[in-house]
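Remarks on the overall topology
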Amino acid sequence: MSTKNRITPEEALAYHLDPRPGKYEITATKAMTTQRDLSLAYSPGVAVPVEAIAERPETAYDYTVKGNMVAVVSNGTAILGLGNLGALASKPVMEGKAVLFKRFADVNAIDIELDTEDPDEIIQAVKLMGPTFGGINLEDIKAPECFIIEQRLKELMDIPVFHDDQHGTAVICAAGLINALELSGKKIEDCKIVLNGAGAAGIACLELVKAMGAKHDNCIMCDTKGVIYQGRTEGMNQWKSAHAAVTEARTLEEAMKGADVFLGVSAKGAVTQDMVASMADNPVIFAMANPDPEITPEEAHEVREDAIVATGRSDYPNQVNNVLGFPYLFRGALDIHARAINDEMKIACAKALAELAREDVPDEVAMAYGRKLTFGRDYIIPTPFDPRLIHVIPPAVAKAGMDTGVARRPIIDMEGYAQSLKARMDPTASILQGIHARAKQAQATMIFAEGDDPRVLRAAVAYQRGGMGRSIVVGREADVKEKLEAAGIGDAYRELRVVNSANSKHIDEYKDFLYRRLQRKGFDQKDAHKLSTRDRHVFAALMLAHGHGDGMVTGATRKAAHVMELINKVVDANPSDGAVGITAILNKGRIVLMGDTLVHEWPDENDLADIATRGAQVARALGLEPRVAFCSFSTFGYPVSERATKMHIAPLVLDKRGVDFEYDGEMTVDVALNAEQMAHYPFCRLSGPANVLVVPARHSASISVKMMQEMGGATVIGPILTGISAPIQICSTVSTVNDILNMAAIAACRIGQPK
């Protein structure tokens, strides 16, 4: 089995256990600090909205979370590819679905696991919960019960009921099919379509493509017993019978001859190269079985170069991923207080996705995926982390819902609605995803200098198994093996390369290099020998300097200042060398970069200008258009203080340099970050709130970052070491495994390195 993207049971369990069990929590959106707050939140203040809702039920959407709340409901009878493991076992999956709703469309979702296999009991339970939710997402319920449950709930409830295993796959499949047929020069009504896999997803796919114009007589459905033809009795039910075809074909192989389109939601290897070879010109093959497709793109293209191939996997082009659909379908439906999600809304979602894939792809998306994405055979479906999805798809869904009469509260200003959706988008996760995606493209060999720390070892394993590249761990073999076993990932020892001065064939070369570098700085050969053989930070830096790795991560076990001192023995990373530390602070959907958080103790105005330039470079590397603010306790000259003078002069230094990014100062942090406060200074040259803050000294940067982390709950990435020739990143001593992994990805992407 390949180690790429492999996750061990221990890693998965640790993720779900730490730092708190589960994947989400409930947070209050109103103040709860004073007695008055509590009186408004509960008794007696709560009586007022209660009476209002009793009088006018529709106001529940105004005074409660109903309008942005979805129930994710399962009984665990068809969990992913694991089968019927019961309601309780399905809870991690349903929690996962709930956080996907929040991550991609800012929809609140609660998982509900029902301990019954009786469709009537599920129907009754969900029906009775109707007042709580704005929509119902059914998940991992086996066929044919899922059909019965969904249909009956649609009839009984006046809110959207959506079975994602069916319709989610169908919508994304339809989106890709629209574009694949466009590229093939074919019309859906003329195509011969073969579908393999007559379960919930397969039936929904065929129903939707027929609703979009495919002719019943041109569509053949197959299951494990072969073609579903008129007159067949074995293994049939009413849902299969609805798609029975008049055909002489009895096997999938026979059905595939001359087919224009193959849709697969079945099993690995169900399609052979001979079947693909027998298809019509420019065949469209959607091999969507998970985790392994019916036929791989490589296998299909070996026999048919003209084929357009999509799969359900992220490591191939054209991924059919449900997350492109269900969050945005519900977002649009909730925002019009819809009574249902109908075929027209699903088709509108598919068409909007198809149209988005034809548009020019923003640079930040291309940057995230490490390649230019242009509409064509390898890009017929948008990528899941395209930031345009949130403000393009829901308006199309909402408009279709309004046009078909299922909207309780139509949207009048669609342009304003789209703008409000943009504001919902949390860019932080996209930036992290982009960094990791680019690291996978770079495939850098990463040196982890502190192989005696379990966090570092787990990060090194995650880096390699996550498909980012090779991990080299500096440490003693026995020690590394012991700590990996203690962490529950002992099998990873065979995968990692463990290096130290005792087993390195380059150690003499390293010692000679270090002596030549330090001999005029008070170091003799013995000193160079000790540093090279006994200090892992120096040894790791020497490996990197000699091209025996592509990047380096350290600092998890020693203070940053000490690590910087050691690294400077091997590479030039002093303030005079252009080194700057930039820290990214991610909090409540905002990203702010701050510098200098690592190198300059008390920078002068020229240093501050350098820090601003490095900060702008990092911002652009993260997909942000930099807006730099020089921060102080004063704003544009008041109050007057010589301590603020350098912050006033630094922008003048940038004026002389003619840089190509926005900057201004000096100003207080609230002016820099708050558009309303900034508006009091109409002469300010920033076009919006700053996203790069340059502060007077390293101590003020450290205080600010740590306070945001501890008091504000911010995610902190960095400090990102910039401006030096070698891609070295230094973690903090309190770094988590994810923090270390993020720093490794940053080193792999060479963020902050001189061009």
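Below: a short report on this structure. (Residues numbered from 1 in each chain as written. Predicted model: local features only at pLDDT ≥ 70, side-chain atom pairs only at ≥ 80, totals over all residues. Heavy atoms only, no water.)

This next bit is on the overall build of the protein. Looking only at helices and strands, the protein has 31 helices and 21 strands in total. Computed over the C-alpha atoms, the radius of gyration of the protein is 29 Å, within 12% of the 27 Å expected from 2.2 N^0.38 for a compact globule of 755 residues. Projected onto its principal axes, the C-alpha coordinates of the protein cover approximately 95 × 70 × 50 Å. By sequence separation, contacts in the protein at least 24 residues apart represent 70% of the contacts at least 6 residues apart. Of the roughly 33,500 Å² that the protein leaves accessible, carbon and sulfur atoms contribute 52%. The distance from the centre of the 81 positive side-chain charges to the centre of the 97 negative ones in the protein is 4 Å. (Helix = DSSP H or I, 4+ residues; strand = E, 2+ residues; numbered from the N terminus. Rg over C-alpha atoms; globule rule 2.2 N^0.38 Å. Contact = heavy atoms within 4.5 Å. Areas by Shrake-Rupley, 256 points an atom, 1.4 Å probe, with all protein chains shown as cover. Lys, Arg positive; Asp, Glu negative; His and termini not counted. Charge placed at Lys NZ, Arg CZ, Asp CG, Glu CD.)

Let us now look at unusual backbone geometry. At the junction of tyrosine 638 and proline 639, the peptide bond is cis and its omega measures out at -5° in the coordinates. Among the secondary structure elements, proline 639 is positioned in the loop between β17 (627-631) and α27 (645-657). With an omega dihedral of 10°, the bond running from glycine 718 to proline 719 counts as a cis peptide bond. Relative to the assigned elements, proline 719 resides in strand β20 (residues 715-722). For aspartate 106, which is not glycine, the phi dihedral falls at a positive 55°. Structurally, aspartate 106 is set in the loop between α5 (91-105) and β2 (108-113). Positive phi values are uncommon outside glycine, yet asparagine 282 reaches one of about 50°.

Per the counting criterion, the structure on display carries 38 salt bridges. Between lysine 91 and glutamate 113 there is a salt bridge whose closest N-O contact spans 3.6 Å. Within this pair, whereas lysine 91 is found in helix α5, its partner glutamate 113 is found in strand β2, the two being separated by 22 residues in sequence. Here lysine 154 makes a salt bridge to glutamate 150, at a shortest N to O gap of 3.5 Å. Taken as a pair, lysine 154 and glutamate 150 lie in helix α7 (residues 145-156) at a separation of four residues, close to a single helical turn. (Salt bridge = Lys/Arg side-chain N within 4 Å of Asp/Glu carboxyl O.)

Below, the discussion takes up the state of the cysteines. Within the structure shown, the criterion is met by zero disulfides. Residue cysteine 146 stays outside any disulfide, its sulfur separated by 13 Å from that of cysteine 205, the closest cysteine. This cysteine, cysteine 191, is not joined by any disulfide, and cysteine 219 carries the nearest cysteine sulfur, 9.3 Å off. Of the residues examined, cysteine 191 reaches a relative accessible area of 2% and is grouped as buried. (Disulfide = S-S within 2.5 Å. Buried < 20%, exposed > 50% of the residue type's maximum accessible area, 1.4 Å probe, protein only.)

According to the stated counting rule, one finds 11 aromatic pairs in the structure shown. Seen in terms of ring centroids, phenylalanine 448 and tyrosine 463 are 5.9 Å apart; in terms of plane orientation they differ by 70°. Their pairing is edge-to-face. In this pair, phenylalanine 448 sits in strand β11 (residues 446-448) while tyrosine 463 sits in helix α20 (residues 454-465), placing the two residues 15 residues apart along the sequence. Under the relative-accessibility criterion, phenylalanine 448 is labelled buried at 0%. On the basis of relative accessible area, tyrosine 463 is assigned to the buried category, the value being 0%. Here phenylalanine 661 and tyrosine 663 contribute two aromatic rings whose centre-to-centre distance is 6.0 Å and whose plane-to-plane angle is 70°, an arrangement assigned as edge-to-face. In this structure an aromatic cluster arises from ring pairing among Phe101, Phe162, Phe326 and Phe330. (Phe/Tyr/Trp six-rings, centres within 6.5 Å; stacked < 30°, edge-to-face > 60°.)

Within the open sheet, the six strands sit side by side as β18-β17-β19-β16-β15-β20. Their pairing is mixed. Two strands bound the open sheet, and with one partner strand each, they are β18 (662-667) and β20. The sheet shows a mean angle of 20° between the axes of neighbouring strands, direction not considered. As defined by bridge partners, strand β16 (residues 590-595) adjoins strand β19 (residues 692-694) across three bridges and the pair is classed as parallel. (Pairing = 2+ DSSP bridges. Axes fitted to C-alpha atoms, helices over the stretch in contact; angles between N-to-C directions.)

Time to look at the packing of helix α8 (residues 164-184) against helix α9 (residues 200-211). As a packed pair, α8 and α9 sit with axes 8 Å apart at the nearest point and diverge in direction by 45°. Relative to α9, the element α8 is oriented oblique. At the point where α8 passes α9, the crossing takes the right-handed sense. Between α8, through Asp165, Gln166, His167, Thr169, Ala170, Val171, Cys173, Ala174 and Leu177, and α9, the contact on the second element is made entirely by Ala200, Ala201, Ala204, Cys205, Leu208 and Val209. The residue makeup of the contact of α8 with α9, split by class, is 11 nonpolar, three polar and one charged. (Parallel < 35°, antiparallel > 145°, perpendicular 65-115°, else oblique. Left-handed = near helix turned anticlockwise from the far one by under 90°. Nonpolar A, V, L, I, M, F, W, Y, C, P; charged D, E, K, R; others polar.)

Right, let's talk about the side chain of histidine 167 for a bit. Its place among the elements puts histidine 167 in helix α8. With a relative accessible area of 7%, histidine 167 lands in the buried category. At 3.3 Å, the side chain of histidine 167 forms a polar contact with the side chain of lysine 346. Apart from the residues lying within four places of it in its own chain, the contact partners of histidine 167 are Glu150, Lys154, Phe162, Ala204 and Lys346. (Polar contact = N/O pair within 3.5 Å; in protein donor to acceptor, adjacent residues only side chain to side chain.)

Take α5 next. Relative to the 21 Å expected for 15 residues at 1.5 Å per residue, α5 spans 21 Å between its end C-alpha atoms, a close match to the ideal helical length. By the burial criterion, the buried members of α5 are Met94, Glu95, Gly96, Lys97, Ala98, Phe101, Phe104 and Ala105. Directly after α5, the chain includes aspartate 106, whose backbone phi takes a positive value near 55°. (Expected span 1.5 Å × (residues − 1).)

Let's shift gears to helix α6 (residues 119-128). Taken together, the buried positions of α6 are occupied by Pro119, Ile122, Ile123 and Val126. All buried residues of α6 fall inside an arc of 100° around its axis, so they share one side. More than 90 degrees from the buried face of α6, the exposed residues found are Asp120 and Leu128. Along its buried surface, α6 packs onto β1 (69-74), β3 (135-138) and α7. (Arc of directions from axis to C-beta.)

Moving on to the environment of lysine 186. Tracing the backbone through its elements, the reader meets lysine 186 in the loop between α8 and β5 (193-196). The spatial distance from the C-alpha of lysine 186 to the C-alpha of asparagine 282 is 9.2 Å, given a sequence separation of 96 residues. Apart from the residues lying within four places of it in its own chain, the contact partners of lysine 186 are Leu181, Cys191, Asp260, Ala280, Asp281 and Asn282. Here the side chain of lysine 186 touches aspartate 260 through a polar contact of 2.8 Å, side chain to side chain. Only 2.5 Å separates the side chain of lysine 186 from the backbone oxygen of aspartate 281, close enough to count as a polar contact.

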